[in-house]
Amino acid sequence: MTRPLRVVVVDHTAEPGGAEVALVRLLRALDREQADVRVVLFSAGPLVAELRGAGVPVRVMPLAADVTSVDRYTAGHASWANLVRAVRTVPFVVRLAWLLRRCGADLVVTTSLKADLLGGTAARLAGRRLVWHLHDRIAEDYLPGAMVRLVQAASRVLPHLVIANSAATAQTVPVRCEVVPPPIDPAWVLDPAAVAARPGPGEHPVVGLVGRISPTKGQREFVRAAAMVAVDHRRAQFRIIGSPMFGAEEYAAQVRAEQAQAEHDGALAPGQVHWTGFVTDPRAELDGLDVLVHASPVPEPFGQVIVEAMVRGVPVVATRAGGAVQIVAPDDEDPLGVLVAPGDARALADAITLVLDDPDAARTCAHAARTSAARRFDAASAAARVTSVWNRATSAHTGTIWTDRAAGWSL
C-alpha cells in the first residue's frame, strides 16, 4: 500500500495572520491517510501551539529577528541594510535545505512571501518538489515594485506548481495557478435556525471591522465612514477588532488621531469607536455585530473575515476589489452583501446606512450568504483539492519513514 505523501509546510511567522489561520484550518481538514504533514516556522509564537493542538509536528528554525519582522515595504527597497539581511540568510537557507533533505520530505509547501523565497530556494537545493501556496497579490498596488519583480521572476523558476487563494491573486502571477480559496472551519458555520434567531439592529446598532491594523485593511476609511454614519445613527457603536502587526503601529496611531479629531469636532461621541485589541477567536465579536465592514482601500488577495461573517449570518459591506468580489458576488449568484468602491469613505458610510435602515432586506441577504459560503468554502473540499495539487507536484512517493528524531520534530 502506498504510504501518505510526506509534506513539509514552511512559513516565516508564527503570528496568527490570515494565511496562518487558513493553514491551521486546512491541516485540520486533511485526510491523514493521503498526506502526512510537518511544519517548519522561522520564529516561535502562538501558531506553534495551535498547530501542535491540531496534531501537527512543528519545528522552529529561528531566523534573525530583523529578517523575520521586516515588513514588505522595507524589504522591497534597495538598501545596504537589505543587502546585509540577504547575505545573513544564506547559512539559514543551507541549514533548512539540509533539514528538508535529511527528514525525507516528498514535497515542500511554502505559505508566505519570505517562505516562498527562502524556503523555496532551500527546497530546490535539497532536490525536493516545491509548491507555493500564495496568500498575497503580487502587484504594485499591494507590494513594492522591486518585491513584485523579484517574486514574479522567482515564480517562473522555483515552484513546480502554484496554488492561489483567489482568482485575484492568480491574475498577478505570470504562471498558471490552481485557485483554492481558504476553507472555513465547520465549527464556525451557524445552522439556519441560529441565523434566523439573530436579532436585528436595536437602538444601539453595532458596526465592526475585524482584522489586523494595517493600511491595507482600511481602519482609517472605517473611522471616516463611522463619523458619517453617526449623523443619522447617533447611537451606533463602531468596533475596530484587531491589533497592529508587522510594523503597523505608526498607522494605528494615525487612525487613533483621526478618531480623536472627529470626536473633538463632534462628529463622533467619545468612545463611540471602540478598539478591542487582538481577539483570539472573533466569533463572539462577529455575533455581536449588525454589520461587518471590509474596508480595504486596495484590492486584497482574499478577505477571510468576509466568509467568517457570512457563515455567522452577519450582513456584509465590502470593497469591490480583489478577492472580496469573488466572495460577495460569485458569478452564478445574486450579490451576497453590499459592495462599494475601495477607498471611498462616503460610499462605505452610505452602504452601512443602507443595511441599518433596511434590516429585513439585510437579513434575507445574510441568510443567502450563509448558505452560499458554507457550500463554497467547505473545508473538506478545499483539503481534497489541495491534496490533489500536492500529488500532481510529486512523483511516486515510496521509501523510508520520517526521520523525526534526526530532524528535531516535536508534537
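Keep in mind it's a predicted model, so treat the numbers as computed, not measured.

What counts as what
- Residues numbered from 1 in each chain as written.
- Predicted model: local features only at pLDDT ≥ 70, side-chain atom pairs only at ≥ 80, totals over all residues.
- Heavy atoms only, no water.
- Core = buried A, V, L, I, M, F, W, Y, C linked by side-chain atoms within 4.5 Å.
- Buried < 20%, exposed > 50% of the residue type's maximum accessible area, 1.4 Å probe, protein only.
- Helix = DSSP H or I, 4+ residues; strand = E, 2+ residues; numbered from the N terminus.
- Phe/Tyr/Trp six-rings, centres within 6.5 Å; stacked < 30°, edge-to-face > 60°.
- Lys NZ or Arg CZ within 6 Å of the ring centre and 35° of its normal.
- Pairing = 2+ DSSP bridges.
- Right-handed = clockwise from strand over helix to strand, strands pointing away.
- Salt bridge = Lys/Arg side-chain N within 4 Å of Asp/Glu carboxyl O.
- Expected span 1.5 Å × (residues − 1).
- Arc of directions from axis to C-beta.
- Polar contact = N/O pair within 3.5 Å; in protein donor to acceptor, adjacent residues only side chain to side chain.

K.L.:
Run through the nonpolar core, naming residues and quoting values.
P.N.:
Counting 37 residues, the largest nonpolar core has Val-40, Phe-42, Leu-96, Leu-100 and Trp-132 as its most contacted members. With six residues, helix 5 (residues 80–102) is the single largest residue contributor to this core. Counting 32 residues, the second largest nonpolar core, distinct from the first, contains Val-223, Ala-236, Ala-295 and Val-340.

K.L.:
Can you lay out the packing of aromatic side chains for me, pointing to particular residues and giving the numbers?
P.N.:
Evaluation of the coordinates by the stated rule reveals three aromatic pairs. Taking the centre distance of 6.2 Å and the plane angle of 75 degrees together, the rings of Phe-222 and Phe-238 count as edge-to-face. Pair noted here: Phe-222 is in helix 10 (residues 219–229) and Phe-238 is in strand 9 (residues 237–241), with a separation of 16 residues, a long-range link. Like Phe-238, Phe-222 is buried. Here Phe-302 and Phe-377 contribute two aromatic rings whose centre-to-centre distance is 5.8 Å and whose plane-to-plane angle is 75 degrees, an arrangement assigned as edge-to-face. Separated by 75 residues along the polypeptide, Phe-302 in the loop between strand 11 (291–294) and helix 13 (304–311) and Phe-377 in the loop between helix 16 (359–376) and helix 17 (379–393) bring together distant segments of the chain. Take Phe-302 and Phe-377: they sit in the same class, and that class is buried. One Lys or Arg, Arg-25, reaches over the ring of Trp-188 and ends 4.9 Å from the middle of that ring. The ring of Trp-275 has Arg-256 lying over it, and the distance from NZ or CZ to the ring centre is 4.0 Å.

K.L.:
Lay out the pairing of strand 6 (residues 161–164) with the relevant residues and their values.
P.N.:
Where strand 5 (residues 129–134) meets strand 6, four bridges bridge the pair, whose relative direction is parallel. By the bridge assignment, Leu-134 is partnered in strand 6 with Ala-164. One crossover worth recording links strand 5 to the parallel strand 6 by way of helix 7 (residues 145–157), and it is right-handed. Here two bridges tie strand 6 to strand 7 (residues 178–179), and the two strands are oriented parallel to one another. When the bridges of strand 7 are listed, Ile-163 appears paired with Glu-178.

K.L.:
Summarise the pattern of salt bridges; cite the residues concerned and give the values.
P.N.:
Under the defined criterion, the tally for this structure stands at 18 salt bridges. For Arg-25, the salt bridge goes to Glu-308, with nearest N and O atoms at 2.9 Å. In this pair, Arg-25 sits in helix 1 (residues 18–29) while Glu-308 sits in helix 13, placing the two residues 283 residues apart along the sequence. Owing to a relative accessible area of 9%, Arg-25 belongs among the buried residues under this scheme. The class for Glu-308 is buried, based on a relative accessible area of 7%. The salt bridge partner of Glu-285 is Arg-239, with a shortest N-O separation of 2.9 Å. Linking Glu-285 in helix 12 (residues 283–287) with Arg-239 in strand 9, this pair joins segments that are 46 residues apart in sequence. Accessibility expressed as a relative area gives 16% for Glu-285, which makes it buried. Overall, Arg-239 belongs to the partly exposed group, its relative accessible area being 24%. Each of Arg-220, Arg-224 and Glu-258 takes part in salt bridges that share partners, so that together they form one network.

K.L.:
So what's going on with helix 7? Residues and values would help.
P.N.:
Helical geometry note: an α-helix holds 3.6 residues per turn, so side chains three or four residues apart project in the same direction. The end-to-end C-alpha distance of helix 7, which contains 13 residues, comes to 19 Å, matching closely the 18 Å that a straight helix rising 1.5 Å per residue would cover. Of all the positions in helix 7, only Gly-145, Met-147, Val-148, Val-151, Ala-154 and Ser-155 are classed as buried.

K.L.:
Tell me what's going on with helix 17, and back it up with residues and numbers.
P.N.:
Along its 15 residues, helix 17 runs 21 Å from first to last C-alpha, staying within 8% of the 21 Å computed at 1.5 Å per residue. Within helix 17, burial applies to Ala-379, Ala-382, Ala-383, Val-386, Thr-387, Val-389, Trp-390 and Ala-393. Looking down the long axis of helix 17, one finds its buried residues gathered within 160 degrees of arc, a one-sided arrangement. The backbone nitrogen of Ala-380 lies 3.4 Å from a side-chain oxygen of the residue at the head of helix 17, namely Asp-378.

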